Amino acid sequence: MLRRDFILGMTGAALGTPAFASLSGVAPANQATITRRFDVAPAKHRLGDAAASDSDLWLYGNSSPGPLIRAKQHDRLSVTFNNRLSVDTSVHWHGIRIDNRMDGVAHLTQQPIAPGESFTYDFTLPDAGTYWFHSHTRSWEQLAQGLYGPLIVDGPDDPEVDHDIVWMIDDWRLDENWQIHTESFGSLRDWSHQGRLGNWLTVNSVSDFTEQVKPNSRVRLRLINAANARIFNLSFSGKATLIATDGFPTSHQETDRITLAPAQRVDLIVDVGTSPLSMTEISGGTLPAGKLLPTTSLGTDLPLDQSLCRRPCPPRPRLQRHVESPFTCKAGFTAIWTAPNMRAKFLDCGISRQNTVSYGPLTAKLAHTACG
Ligand SMILES: [Cu+2]
């Protein structure tokens, strides 16, 4: 079968939101600068098997997904994009707390990068975790044509693993010639129903993706949903431990199911023995998505006990918030964070108080107004 149609009754979700207002970070003394330069250009990429035709995509650095950008927490990132497309573009850094002028929302936080022009995004990475970057000009078209890539920020508390793997999951809407279905860009039917759902499932732009790992290894698996509208329901053939969502540590939960909405990320710790561990998309049937394949030629590790914690467990979440005087806010609140002198402003409330909040390595006084 040429195509894997999986039609779901799922709700679409918007991609990308403007970041918080302003960050006035002070660079640490040992701050490194990661400098990269990518073309944003049309390119061919084979999304199917050997019998498939190349698809005409738009890519960063001639790579699908875009090239992995990896840095350490508090590093400075300086990435220049040369627009070789015939249309405007811009780049959004999804999940990064960032100055608005670097946030990439065309016509809102910056002028778009015109054809033939370049723009350098230059900012400090305040938090460790799993992030990604993608076009934010006519996103519904440019993401769907391949303009996205992973951004991984390593932190001092990262768990010790044998493999640190990024899987970007996408559903492409392809026609019978393996080309992007461009006629449906901006479809009012999509916009008024479920968003742009695709029909071809890939991990790292490969169908039924296989990644080789050492037998008996511990893997950090970083999942990123790069689809326009698809909410993936992912089932694993073994147990995984959820350690982070949307870039930030969470309480550890053992699971064999993950629901991942567009733009969301989860980080899992997976202990692989000597048998493959499969990830299957189960929303509309059972589609193989990705597989971790133990391969002895990569070397072998000592057998793992059944216990996940034979080796040091991942550290407990760093994201801790302590409010000295508990309060109840029935009306809901909005917190606006800035760093490094973090402030939070709670709306819909009446009484001001001072509290201490610790957030990773930072501790700051928090002003909030309690409800009721
Ligand atoms: Cu986004």
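As a reminder, the structure under discussion sits directly above these lines.
Now for a quick tour of the structure. Because the structure is predicted, anything quoted here is derived from the model rather than measured.

Rules of the game
Residues numbered from 1 in each chain as written. Predicted model: local features only at pLDDT ≥ 70, side-chain atom pairs only at ≥ 80, totals over all residues. Pairing = 2+ DSSP bridges. Helix = DSSP H or I, 4+ residues; strand = E, 2+ residues; numbered from the N terminus. Axes fitted to C-alpha atoms, helices over the stretch in contact; angles between N-to-C directions.

It is worth spelling out the sheet that holds strand β6 (residues 118–124) at this point. In space, the four strands of this open sheet follow the order β2-β1-β4-β6, with mixed pairing throughout. For this open sheet the edge positions go to β2 (55–60) and β6, each flanked by a neighbour on one side alone. Looking at each pair of strands side by side, their axes are set apart by 20 degrees on average, direction ignored. When strand β1 (residues 33–45) meets strand β4 (residues 76–83), the two strands line up parallel, connected through eight bridges. Looking at the pairing, Asp 39 lines up with Asn 82 of β4.

Cis geometry marks the peptide bond from Ser 64 to Pro 65; its omega dihedral reads -5 degrees. Following the sequence through the fold, Pro 65 ends up in the loop between β2 and β3 (69–72). Unlike most non-glycine residues, Asp 208 shows phi in positive territory, near 50 degrees. Summarising the element assignment, Asp 208 is placed in the loop between β10 (200–203) and β11 (209–213). One non-glycine residue, Asn 216, lies in positive phi territory at about 60 degrees.

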